[in-house]
Amino acid sequence: MLSRAWRPLTAVVAVGGPAYIYYQYRTKQETFEITVKARGADGKPEMQSRVFPLLPLKVLEARLQQNATSKSHHRPGGIVWQHTTASLASNDPLEDANANAVVTRDENDPAGPGDFLFFAVMDGHGGYETSQLLSKVLIRAVAGKIFALNAPDAPSAGSGGWFSGLKNTVWKSAPAQAQSPTREADADPKRVSSAIEEAFVELDQEILNAPLHVLAANIDEETRKKGIIPDLSKHPLALKTMHPAISGSCALMAVFDTAHRNLYLAVTGDSRAVAGVWEPSEDGKGSWRVEVLTEDQTGRNPSELARIRSEHPKEEENDVVRNGRILGGLEPSRAFGDARYKWPRAVQETLNQAFFVGNGTSMRPAPSLFKTPPYVTSRPEITHRTLPLPQPSPEGSPGSAASQKAKYFLVMATDGLWDELSNDDVVSLVGGYLQGLKGNVPKAQLPNVVPISSGTSGVEGKREKKSNKVEGSWAFADENASAHLIRNAFGGGDEAILRRRLSIPAPWSRRYRDDVTVTVVWWEEGGESAPQISTEQVKAKL
């Protein structure tokens, strides 16, 4: 009975075997080999070859679109604001973050009608905690400072102390609503720039002070006199306050004030903002002028190197920046958090004892060259530009078809994009996207299809300046402008390169590419729709 039961199975295997082998051969997983840094048998780091599966293109397509968003806002006067955001992780989890908000001026505002549009990208390092916290509080902090310009006696956002506002965020309480301004003190670019700067600096100070507040609240007089450091490792705010302080994040913010036609860019770190400005020509073709609106803040930026050296004793002149990095370690010279470059050594040791030792962990010690902190600041550099917004058209006037094309766009991105693409590349790619290009375009031909010209060049803070690429092809395949840039940063129309680069898993991918977050903002004229704001976006108040 047993032998008869096995005969049909044997026959099936005999007949099906070659077909199975053929199927297995045809569907065998493609692989590729790269060199990675790993620990050898002796526990020491060494370079090794690793083989990884080459992921299907459809899997990578889904990954490119996973965090992609697109929004539009129809405003009075026929203006339609468009903005897209996308991000792609290399770290696991993603250490980048982003935020945006649209605040409509009150009807009784004498400066109205108009809006404040806030956009921010955050590039975290050493963890995601700082960037994630900034994505929740930075716009609120800046908006509160700007709106307070017009009502000096009114409580600004976070009234009751910045720590109170930070606690609300950490504890997930509902933040107080910021009120839009009622007078026009916010029309002065100098005052607005100062308000943004103050918001950045004060918020970072609150992030750094939050663990100290927790420690102070849990030390009585007797404990303090005896010099005993309490074990707060199980305190509910222990890690919630320490992690945003000791990890770090760059931040880049754009503030559009449409009522006064002002654009403000605030940068802390090495994220970058680049604008494309349409310039018509006599032959009717025109070109996009490349305007770099921020400077990369790293030790390779001569002005940053001079600033840092001026803030420390002469004997540290050759140590404050080594190989373009702060104390030889941190690349951005300005950042939120990064407390190990800011807290005095004694403070670092005390907080480590109070919050980490009881959990069997510890924070990284201060750098070996650490002597006269702080070495890193959150104070941003502010750039102001006048927006070339059109004159408002009468209600219901649609405008001409020609006027509907975008004439100005802004690209804000973390340094992972600028590691791969030049400023010219980015403006050409977005210009082509807005022009409606589809399919693959040879890189050498794109300048003929989408002409560009040079404007403000900015300062490169990277080890190697990216040159405009001429080999291979660009891909115009994405509906989302930000995802379009990310695709082209890692292969574009060259599918084999794209698949290989995006198939490298974390943590090994970090050697080959960084996290990337991109926001693209532009406006179009002649919108016929009634004024509205996308339901996905904040409507009126922060």
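Numbers given to residues run from 1 along each chain, matching the order in which its sequence is written. Local features in this predicted model are restricted to residues of pLDDT 70 or higher, and side-chain atom pairs are both shown and tallied only at a pLDDT of 80 or more, whereas totals for entire chains, interfaces and linings draw on every residue. The side-chain values count all of the structure's non-hydrogen atoms but skip hydrogen atoms and water molecules.

If you look the protein up in an unreviewed UniProt entry, it shows as Phophatase 2C family protein from Ephemerocybe angulata.

A. Inspection of the overall build of the protein at higher detail. In terms of helices and strands, the protein carries 14 helices and 20 strands. Accessibility here uses a 1.4 Å probe with only protein chains present; expressed as a share of the type maximum, an area under 20% marks a residue as buried, one over 50% as exposed, and anything in between as partly exposed. For the protein, the residues scored as buried account for 49% of the 542 residues in total. Put simply, of all contacts in the protein between residues at least 6 apart along the chain, 75% involve residues at least 24 apart. Residue burial considers only the protein chains on display, and all accessible areas are found by Shrake-Rupley using a 1.4 Å probe. Of the roughly 25600 Å² of accessible surface on the protein, a fraction of 52% belongs to carbon and sulfur atoms. Only DSSP runs of H or I covering at least 4 residues are called helices, and only runs of E covering at least 2 are called strands; the numbering of each starts at the N terminus. Throughout, a residue-residue contact means that at least one pair of heavy atoms, one from each residue, lies within 4.5 Å.

B. Region of the structure containing the nonpolar core. Put simply, a nonpolar core is a bunch of buried Ala, Val, Leu, Ile, Met, Phe, Trp, Tyr and Cys residues held in one set by side-chain atoms that sit within 4.5 Å of each other. Phe118, Leu138, Val142, Ile146 and Phe355 are the most contacted members of the largest nonpolar core, which totals 48 residues. Breaking this core down by element, the ones donating at least two residues are strand 5 (96–104), strand 6 (115–125), helix 3 (129–148), helix 5 (189–217), helix 7 (238–246), strand 7 (248–257), strand 8 (262–268) and helix 9 (345–355). Setting aside anything within four residues of it in sequence, one finds Leu138 in contact with Met122, Phe200, Leu203, Ala251, Met253 and Phe336. Leu64, Val411, Ala413 and Phe476 belong to the second-largest nonpolar core, a separate cluster that totals 38 residues.

C. Fine view of the packing of aromatic side chains. In summary, the pairing rule links any two rings of Phe, Tyr or Trp, Trp by its six-membered ring, whose centres are within 6.5 Å, and it sorts them by plane angle into stacked for under 30 degrees, edge-to-face for over 60 and tilted for everything else. Taken as a whole and judged by the stated rule, the model has 13 aromatic pairs. Aromatic pair Phe52 and Trp508: ring centres 5.4 Å apart, planes at 45 degrees, arrangement tilted. Of this pair, Phe52 sits in strand 2 (residues 45–53) while Trp508 sits in the loop between helix 14 (495–503) and strand 19 (516–524), and the two are 456 residues apart along the sequence. According to the relative accessible area criterion, Phe52 is buried, its value standing at 7%. Considering the side-chain rings of Phe116 and Phe118, the 6.1 Å spacing of their centres and the 20 degrees angle between planes classify their relative orientation as stacked. Accessibility assignment for this pair places Phe116 and Phe118 in one class, buried. Cluster of aromatic residues (ring-pair linked, three or more members): Trp81, Phe119, Phe256, Tyr408 and Trp523.

D. View of helix 5. For helix 5, which comprises 29 residues, the first-to-last C-alpha distance of 40 Å matches the rise-based estimate of 42 Å (1.5 Å per residue) to within 8%. Of all the bends in helix 5, the greatest reaches close to 40 degrees and is centred on Asn209; the proline Pro211 follows between one and four positions later. Definition of a polar contact: a pair of N or O atoms within 3.5 Å, with one able to donate and the other able to accept a hydrogen when the atoms are protein atoms, and with sequence-neighbouring residues admitted only if both atoms are side-chain atoms. Where helix 5 begins, the side chain of Asp188 points an oxygen toward the backbone nitrogen of Lys190, at a separation of 3.0 Å. To estimate how far a helix should reach, multiply one less than its number of residues by 1.5 Å. To get the bend at any residue, fit one axis to the seven residues that end at it and another to the seven that begin at it, then take the angle between the two axes.

E. Spotlight on unusual backbone geometry. Pro373 connects to Pro374 through a cis peptide bond whose omega is 5 degrees. Relative to the helices and strands, Pro374 resides in the loop between helix 9 and strand 14 (381–386). Omega for the peptide link from Ala506 to Pro507 comes to 5 degrees, which places this bond in the cis form. Relative to the assigned elements, Pro507 resides in the loop between helix 14 and strand 19. Despite not being glycine, Leu327 shows a phi value in the positive range, around 50 degrees. Checked against the element boundaries, Leu327 lands in the loop between strand 12 (325–326) and strand 13 (336–337).

F. Region of the structure containing the layout of surface pockets. A pocket, in this scheme, is an open set of points on a 1 Å grid over the protein atoms alone with protein on both sides within 12 Å along at least 5 of 7 lines, while a cavity is a set where a 1.4 Å probe fits but cannot get out; residues line either one if an atom lies within 4 Å of a point. Grid points are joined across faces, edges and corners, and a volume is the space filled by probe spheres set on the points. A volume near 1500 Å³ is recorded for the largest pocket. Broken down by element, the residue count for the lining of the largest pocket peaks at three residues, all from strand 6. In this classification, Asp, Glu, Lys and Arg are treated as charged, Ala, Val, Leu, Ile, Met, Phe, Trp, Tyr, Cys and Pro as nonpolar, and every other residue, Gly included, as polar. Of the residues belonging to the lining of the largest pocket, the class tally is 10 nonpolar, nine polar and 24 charged.

G. Representation of the pairing of strand 4 (residues 79–88). Strand 4 sits mainly inside the fold: 10 of its 10 residues count as buried. Here strand 4 shows no split at all, with Ile79, Trp81, His83, Thr85 and Ser87 on one side and Val80, Gln82, Thr84, Ala86 and Leu88 on the other all buried. Connecting strand 3 (residues 69–75) to the antiparallel partner strand 4 that follows it, the hairpin turn spans three residues, and Gly77 within it adopts a positive phi of roughly 90 degrees. One bridge is not enough; two strands pair if DSSP finds at least two bridges between them. Direction of pairing for strand 4 relative to strand 19: antiparallel, over a ladder of nine bridges. Bridging across to strand 19, Thr85 finds its partner in Thr519.

H. Looking closely at the side chain of Arg513. Mapped onto the secondary structure, Arg513 falls in the loop between helix 14 and strand 19. Counting rule for charge: Lys and Arg are taken as positive, Asp and Glu as negative, and neither His nor the chain ends is counted. Salt bridge, as applied in this entry: a Lys or Arg side-chain nitrogen positioned within 4 Å of an Asp or Glu carboxyl oxygen. As a buried residue without a salt bridge, Arg513 has its nearest oppositely charged side chain in Asp515, at a separation of 6.1 Å. Among residues more than four places away in sequence, those in contact with Arg513 are Leu88, Ala89, Ser90, Phe490, Arg501, Leu502 and Ile504.

I. Quick look at the pattern of salt bridges. Summed over all chains, the structure comprises 26 salt bridges. Between Asp296 and Arg272 there is a salt bridge, with the nearest N and O atoms lying 2.7 Å from each other. Of this pair, Asp296 sits in the loop between strand 10 (287–292) and helix 8 (302–310) while Arg272 sits in strand 9 (residues 272–279), and the two are 24 residues apart along the sequence. Residue class for Asp296 comes out buried when judged on its relative accessible area of 0%. Assessed through its relative accessible area of 2%, Arg272 is described here as buried. The residue Asp319 makes a salt bridge to Arg322 at a minimum N-O spacing of 2.8 Å. With relative accessibility at 14%, the residue Asp319 sits in the buried group. What makes Arg322 partly exposed here is its relative accessible area of 40%. The network of salt bridges with common partners includes Glu304, Arg307, Glu311, Arg334 and Glu381.

J. Structural context of the confidence of the model for the protein. Each residue carries a pLDDT score, the predictor's own confidence in it, on a scale running from 0 to 100. Model confidence for the protein is summarised by a mean pLDDT of 85, while 82% of its residues fall at 70 or above. When the criterion is pLDDT under 50, residues 1–26 qualifies, and its contacts beyond four places in sequence or with other chains add up to one contact.

K. How the structure looks around the environment of Asn91. Inspection of the secondary structure puts Asn91 in the loop between strand 4 and strand 5. Sequence-wise, Asn91 and Ser509 are 418 residues apart; in three dimensions their C-alpha atoms are separated by 7.6 Å. Setting aside chain neighbours within four positions, we find Asn91 in contact with Ala506, Arg510, Asp514 and Asp515.

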